[in-house]
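# Remarks on the overall topology
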Amino acid sequence: MLSGSSVAVIGGGISGLVCANRLSQLGINNTTVFDTGKHAPGGRCSSRQVIIDGRAHVFDHSAQYFTVTDSRFAKIVSYLHRKGAVKIWNGKLGHLKSGKFSVDKNITQAFIGVNGMQDIPKCLAETLNLKNSTWAGNVSWEAASKKWRVDRHGYFDYLVIAHNGKCADKLMSSAGAPQVHRLTQVRFCHQPDLKDKRMQLCSLWALLVSFPTPLKLPFEGVHVEDTDISWMANNTAKLRDPSRQQTTSNECWTVFSTRQFGSRNKCPQENIPPKVEKEVTDRLLQAMKRVTGLAQLPVPNYTRVQLWGAAVPMNILKTGDECVFDGQHNVGICGDWLTSPCIQGAVVSGLALAERINKHYTGADTSSTVLVPDFVAADGGIIGAFPTDANMVFKPSK
Ligand SMILES: Cc1cc2nc3c(=O)[nH]c(=O)nc-3n(C[C@H](O)[C@H](O)[C@H](O)COP(=O)(O)OP(=O)(O)OC[C@H]3O[C@@H](n4cnc5c(N)ncnc54)[C@H](O)[C@@H]3O)c2cc1C
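Keep in mind the model is a prediction, meaning the values are calculated, not measured.

## Side note on the overall build of the protein
- Each helix and strand counted, the protein has ten helices and 23 strands in total.
- The C-alpha atoms of the protein give 21 Å as radius of gyration, which agrees with the globular expectation for 398 residues (21 Å, within 12%).
- On the principal axes, the C-alpha backbone points of the protein span a range of 70 × 50 × 40 Å.
- The buried share of the protein, reckoned over its 398 residues, is 47%.
- By sequence separation, contacts in the protein at least 24 residues apart represent 75% of the contacts at least 6 residues apart.

Structure (structure tokens):
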């Protein structure tokens, strides 16, 4: 039975899905999540399935793995583990500098989705009212009724903005909550400018490439020090199920560019000109050969490039608040760009906003968070933050 307030969550990435689940646990279960994802939710935590030589191959094309230091997140990871959605990545993971690989000793445990990172949002969305393939283009606050109208989808008591970038800025520009709109304004760059008070996001290119023969490299995932490449991972090794015999000799890799490369080669991400596609593919393959020190790369049997225009936040809220909430207009924001640029950051932000909405709904706290855009540089590397805590080792129960 539906009870409590109705909530519209715009964005089915990790923060939006976690927020909707927590609302439901708190008894607010009349929540609808709207997400643009055509096949599945997940946003920047998703995978791409590709048929190569007649067989399905999975590439993690955004988030690669995650670490855990927050006890609230640890509970969710335990749940995901029990549901068979995540596992510990035991492959060699580290850094590649001047052709030399070194294991990352700081990372006590890295987690991945069992069949790709897509398993995480898939599991989180299981019990939610999710509208896939749905773009929210217009939202407006109706002060008299204290309701949010979302396109033709009707009226809601609360609105959650669980996405960022130009979309959120545009969506909120005439929604009737100007302070929240100011917090969604964004600057795209490859280096944070600390004097600029807006959220700042970098752009990254992803190259998905399959080789017909293995590269025989001594690692499964590496953060790379290079002008063009920042990360490479062997999806085939990472997602291998040791209980099954391998049926393909193809090796599928994900390669991410640096921020500078992302800015230099920026173009409309929904409509990449063929010339740019070819140049970026060639440059990233050349860089892959250079950083691995291989004499020759096998000729790929599949390539695809993708631009993450709003890839990774470079700054986060200075106040330390884990979410934004406007108690006058019943609207909040959650996402990694408020807390920490990683899966854990998105989760804690989604949880915090759900708690805040519940307190507002029950009357326990009807105040707003600080609604002034003020950001500080975020910790972490090019593809996000990987916080570690040696005391927090997950012991999976059998
Ligand atoms: C290339 C890359 C590599 C990364 N690697 C890692 C990693 O290895 N480890 C790690 O921890 N983190 C990594 N990150 C960061 C991590 O992916 C994010 O921190 C996390 O997924 C953010 O989740 P979110 O819910 O805040 O936002 P998002 O995932 O961006 O979710 C927003 C969702 O809203 C949807 N949306 C947008 N506009 C609308 C609209 N108008 N209507 C409906 N839906 C809308 C989008 O489609 C999207 O699904 C990486 C990010 C990138 C880009």
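## Here we look at the sheet that holds strand S11 (residues 147-150)
- The strand order across the open sheet formed by three strands is S10-S11-S12, and the pairing between neighbours is antiparallel. Of all strands in the sheet, those bounded by a partner on one side alone are strand S10 (139-142) and strand S12 (155-156).
- Here S11 pairs with S12 via two bridges, running antiparallel. If you follow arginine 149 over to S12, its bridge partner there is tyrosine 155.

## Re the site of the ligand
- Close contacts around the ligand come from 41 residues, with Gly11, Gly13, Gly43, Arg44 and Cys342 the closest.
- Of all the secondary structure elements, the ones that give two or more residues to the shell around the ligand are helix H1 (14-25), helix H4 (165-172), strand S15 (199-211), strand S19 (302-313) and helix H10 (343-362).
- Grouping the amino acids of the shell around the ligand by side-chain chemistry returns 24 nonpolar, 14 polar and three charged.

## Comments concerning the pairing of strand S7 (residues 100-103)
- With four bridges connecting them, strand S6 (residues 93-97) and S7 associate as antiparallel partners. Each bridged residue has a counterpart across the sheet, and for glycine 94 the counterpart in S7 is valine 103.
- What sits between S6 and S7 in their antiparallel hairpin is a turn of two residues, with serine 98 showing a positive phi close to 45 degrees.

## Looking at unusual backbone geometry
- Backbone geometry places aspartate 151, a non-glycine residue, at a positive phi of 40 degrees.
- Since 14 C-beta atoms lie within 10 Å of it, aspartate 151 is described here as partly exposed.
- Within the chain, asparagine 330 stands out as a residue other than glycine whose phi angle is a positive 50 degrees.
- Tracing the backbone through its elements, the reader meets asparagine 330 in the loop between strand S21 (324-326) and strand S22 (331-333).

## Quick notes on helix H8 (residues 274-292)
- Relative to the 27 Å expected for 19 residues at 1.5 Å per residue, H8 spans 27 Å between its end C-alpha atoms, a close match to the ideal helical length.
- Taken as a whole, H8 has its buried residues at Val280, Leu284, Ala287, Met288, Val291 and Thr292. The buried residues of H8 occupy an angular sector of 115 degrees when the element is viewed end-on, so they sit on one face. Across H8 from its buried face, at more than 90 degrees, point the exposed residues Pro274, Lys275 and Asp282.
- Those residues of H8 that are buried are in contact with S6, S15, strand S16 (221-225), strand S17 (229-234), strand S18 (251-257) and S19.
- A positive phi of about 75 degrees marks glycine 293, the residue just after H8.

## Some points on the environment of methionine 232
- With respect to the helices and strands, the residue methionine 232 is situated in strand S17.
- Along the chain, methionine 232 and threonine 292 lie 60 residues apart, while their C-alpha atoms are 10.0 Å from each other.
- In contact with methionine 232, other than residues within four places in its own chain, are Val222, Val224, Trp253, Val255 and Met288.

## Digging into the packing of H1 against H10
- Packing of H1 against H10 leaves a shortest axis separation of 7 Å and a crossing angle of 35 degrees. The crossing of H1 and H10 is right-handed. Along its contact with H1, which presents Ile14, Ser15, Gly16, Val18, Cys19, Arg22 and Leu23, the element H10 presents Ile343, Ala346, Val347, Ser349, Gly350, Leu351, Leu353, Ala354 and Ile357.

## Observations regarding the sheet that holds strand S1 (residues 6-10)
- Pairing in this open sheet of six strands is mixed, and the strands run S9-S2-S1-S13-S22-S21 from one edge to the other. Sheet topology places strand S9 (129-131) and S21 at the edges, where each strand pairs with a single neighbour. With strand direction ignored, the average angle separating the axes of adjacent strands in the sheet is 20 degrees.
- Pairing geometry for S21 and S22, over three bridges, is antiparallel. Note on S22: the bridge partner recorded for phenylalanine 325 is glycine 332.
- Seen against the sheet, H10 touches S1, strand S13 (158-161), S21 and S22 and runs at an angle of roughly 165 degrees to S22.

How each quantity is defined
Residues numbered from 1 in each chain as written. Predicted model: local features only at pLDDT ≥ 70, side-chain atom pairs only at ≥ 80, totals over all residues. Helix = DSSP H or I, 4+ residues; strand = E, 2+ residues; numbered from the N terminus. Rg over C-alpha atoms; globule rule 2.2 N^0.38 Å. Buried ≥ 20, exposed ≤ 12 C-beta atoms within 10 Å, placed from the backbone. Contact = placed C-beta atoms within 7 Å. Pairing = 2+ DSSP bridges. Near = placed C-beta within 6 Å. Nonpolar A, V, L, I, M, F, W, Y, C, P; charged D, E, K, R; others polar. Expected span 1.5 Å × (residues − 1). Arc of directions from axis to C-beta. Axes fitted to C-alpha atoms, helices over the stretch in contact; angles between N-to-C directions. Left-handed = near helix turned anticlockwise from the far one by under 90°.

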